[in-house]
Amino acid sequence: MVNTSKSPESTKKINDLRSAMAKHGIDAWIIPSSDAHNSEYVAKHWEGRAWLSGFTGSAGTIVVTKDKAALWTDGRYFIQAEEQLGGSEVTLMKDGQPGVPSMAEWVTGEVREQGCIGFDGATLSLSSIRGLEKKLTTKTITLKADRDLLDDIWVSRPTLPAEPVFLHEELYAGKNLLEKVTEVRKILKEKEATELLITTLDDIAWLFNLRGSDIECNPVFLAYALISQERITLFTNKDRIEADALSALAKIGVELADYDEILEALSNLPDSSQLMINPANTSFKLASVIPSSVTLIEDRLPTTDLKAIKNGTEIKRMQECHRRDGAAMVRFIRWLENNIPTGTLNELNIDEQLLQFRSESEYFKGVSFPSIVGYAGHGAICHYRANKESAYNIESKGLLLIDSGAQYPDGTTDITRTFACGEMTEEEMRDYTLVLKSHIALATAKFKEGTRGIQLDAITRQPLWSEGIDFNHGTGHGVGYFLNVHEGPQSISPKWFDVALKPGMLITNEPGIYRDKKHGVRLENIMLVTEDIESEFGKFYKLIPMTLAPFDTRPLVKDLMTAPEIQWLNNYHSIVEHELLPLMKGDELKWLKEATKPI
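Small disclaimer: the values here were computed from a predicted structure and weren't measured. (Residues numbered from 1 in each chain as written. Predicted model: local features only at pLDDT ≥ 70, side-chain atom pairs only at ≥ 80, totals over all residues. Heavy atoms only, no water.)

Here we come to helix α9 (residues 201-208). α9 sits mainly inside the fold: eight of its eight residues count as buried. Taken residue by residue, α9 has Leu201, Asp202, Asp203, Ile204, Ala205, Trp206, Leu207 and Phe208 as its buried positions. Count one or two residues on from α9 and you reach asparagine 209, which has phi positive near 55°. (Buried < 20%, exposed > 50% of the residue type's maximum accessible area, 1.4 Å probe, protein only. Helix = DSSP H or I, 4+ residues; strand = E, 2+ residues; numbered from the N terminus.)

Structural data, given as structure tokens:
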């Protein structure tokens, strides 16, 4: 089981928060999972929701009133949240499920007329507060966002990180800072914007060709950026920027200011300014200091779109990165198969060994997210993380799901494989085969220019839907380049995102089946959108796999697969063998040939 929250400790923290709320006349307090940059993964300073509730998933919002507490999270975390909130007073709200009110609807109903809702204005976006305000039109309720009550009760709260910031060299990045800024300024001119505010950390790291380690697994650093046609200002602690990075910034006249000086810079914008912001990523606190005389141009930031389409150098370098990571995976899978029968493996030492194989590369910079190693029922918890108390021992039966990734200067990897540990049930084998069929459905999709992710999501789920099966998460997400493992704006999901898939974009392909307390199956490759054909009907695209590692064929029910599906699997394994054999030695060669032989 997942490590559950300690109810007495959680209750004390919530009661301490209620005391602070009463002191400041606040009826409800909102704590999201995000930081001042709307990041998915955050520095420990901003892990307030996890600290208060005991729920450690990367997505969720808790609301505390005078006599109630409720937490919203998405389908990836329903099982985990149920276990971690068990025994506490916090009610789990399964976001998006029928009959479940949204956070805004619930808090509006709970707070009295003339009441007050409070939150740290740095951690909620302008868009989210606008959404809340729309729900509040039926009542007269005050919003209070000028302080963070967690500072009053979280005695040992970690300070803001300030790790070294280093240069991501052009030989990896493919474009220098001036080239990227020139592209951004061109778009600003087209949008008639005089300034651009960048708050998202991966956009800043990409634009300035800088990397850091302020957030675990994400090579980013706390900063803001303000760009006009004449000036570029980076708001971060310059003392932590390494010398060669400082030199690169100075070459094109980048001005440096302290992190907190962004508030003064925004408040002093000229009346004639036409400032481009993304309200979904701009905090309410920042938006509140922008003069009303400034015209806001609200849109997705140009850096987000430019970053998503990898350039030729990035694509070429990523291919080498995936070969390197694939070789580590092959060595790991071979080790895993040899050691499962010994009865000495558990979810923790498996994770440690996988890390060891990856870290043997001189280019390895760390993992891209905490590995998910879930045996049997733990595999059904989408973002499970083992610890000493929860870790299962691996038996010679059932399925083992491993979702992992790494950071290298030439790419970010994210791969999921599910392995047979020995004897399997018919249900386990059928589920594995259906997931592979869904994976192949997306991998073989051909789609027209302008296609959105929601269209491909339905194609992917069809083999599961035909059997009355579904999974409660998106099919695929974008991936950064030595950046965040989850990157937008592209997505393949049942949710509508008005973003067309374009050549150069990366997208994961990761359908799954999860049976609570029994097993989980997920199979994931990173794929690259490329051009396919052009006809009188338009341009058509396809997906090619970047990830290179064999799928376990032992759980497959071949009779459930079509001839084209079998051909795709054999072709993919042929590519894996061809690309990775030069990196193998000794018995590894024989193992890889056996693992990739045609079925």
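Right, picking up where we left off after that structure.
As a further point, take the domain arrangement of the chain. Think of interface size as the accessible area that goes away when the parts come together; that is how it is often given. Each assigned domain of the chain is listed with its residue range as follows: domain 1 (8-152), domain 2 (166-307) and domain 3 (309-589). With 19 residues of domain 1 in contact, the opposing surface of domain 2 contributes 20 residues. Buried surface at the junction of domain 1 and domain 2, both sides included, amounts to about 1500 Å², of which 58% is carbon and sulfur. The largest contributions to the domain 1 side of the interface with domain 2 come from His37, Tyr41 and Leu126, which together make up 37% of the buried area. In this structure, glutamate 298 and arginine 130 form a salt bridge, with 2.7 Å as the shortest nitrogen-oxygen distance. Summed over the shared surface of domain 1 and domain 2, the number is 13 residue pairs in polar contact (both at pLDDT 80 or more). The leading source of residues in the side of domain 1 that touches domain 2 is helix α5 (residues 126-135), at four residues. Taken together, the residues of the side of domain 1 that touches domain 2 sort by class into 11 nonpolar, six polar and two charged. (Domains from an automatic or database assignment. Contact = heavy atoms within 4.5 Å. Buried area = accessible area lost by both parts, 1.4 Å probe. Salt bridge = Lys/Arg side-chain N within 4 Å of Asp/Glu carboxyl O. Polar contact = N/O pair within 3.5 Å; in protein donor to acceptor, adjacent residues only side chain to side chain. Nonpolar A, V, L, I, M, F, W, Y, C, P; charged D, E, K, R; others polar.)

What follows is about the UniProt feature "domain: Peptidase M24 C-terminal" (unreviewed entry) in the chain. Annotation from UniProt places "domain: Peptidase M24 C-terminal" (unreviewed entry) at residues 539-599. Helix makes up 44% of residues 539-599 and strand 11%, whereas the separation of the span's terminal C-alpha atoms amounts to 34 Å. (UniProt positions renumbered as here; feature names shortened; annotations may be inferred.)

A few words on the UniProt feature "domain: Creatinase N-terminal" (unreviewed entry) in the chain. This chain's UniProt record puts "domain: Creatinase N-terminal" (unreviewed entry) on residues 14-139. As annotated, residues 14-139 comprises 33% helix and 17% strand, and the C-alpha atoms at either end are separated by 26 Å.

Between helix α14 (residues 312-339) and helix α19 (residues 587-595), the least distance of the axes is 10 Å, while the angle of their chain directions is 85°. The orientation of α14 relative to α19 falls into the category roughly perpendicular. Where α14 approaches α19, its residues Val330, Arg331, Ile333, Arg334 and Glu337 are matched on the opposing element by Asp587, Glu588, Trp591 and Leu592. Partitioning the contact of α14 with α19 into residue classes produces four nonpolar, no polar and five charged. (Axes fitted to C-alpha atoms, helices over the stretch in contact; angles between N-to-C directions. Parallel < 35°, antiparallel > 145°, perpendicular 65-115°, else oblique.)

Formed by 74 residues in total, the largest nonpolar core has its most connected members in Phe332, Leu336, Ile350, Leu400 and Ile402. Ranked by residues supplied to this core, first place goes to α14 with eight residues. Counting 53 residues, the second-largest nonpolar core is a separate cluster that includes Ala43, Ile204, Ala205 and Ile290. (Core = buried A, V, L, I, M, F, W, Y, C linked by side-chain atoms within 4.5 Å.)

Within a sheet, neighbouring strands are paired by backbone hydrogen bonds and run either parallel or antiparallel to one another. An order of β12-β11-β10-β8-β13-β14 is seen for the six strands of this open sheet, with the pairing classed as mixed. Unpaired on one side and paired on the other, β12 (255-257) and β14 (295-298) mark the two borders of the sheet. Strand-to-strand twist in this sheet, taken as the mean axis angle between neighbours without regard to direction, amounts to 20°. Against the sheet, α9 makes contact with β8 (195-198), β10 (224-228) and β11 (232-235), and its axis sits at roughly 55° relative to β10, the strand it touches most. (Pairing = 2+ DSSP bridges.)

Where β8 lies against strand β13 (residues 274-277), two bridges are found, and the strand directions are parallel. Looking at the pairing, glutamate 195 lines up with leucine 275 of β13. As defined by bridge partners, β13 adjoins β14 across four bridges and the pair is classed as parallel. Considered in β14, the bridge of glutamine 274 is made with threonine 295.

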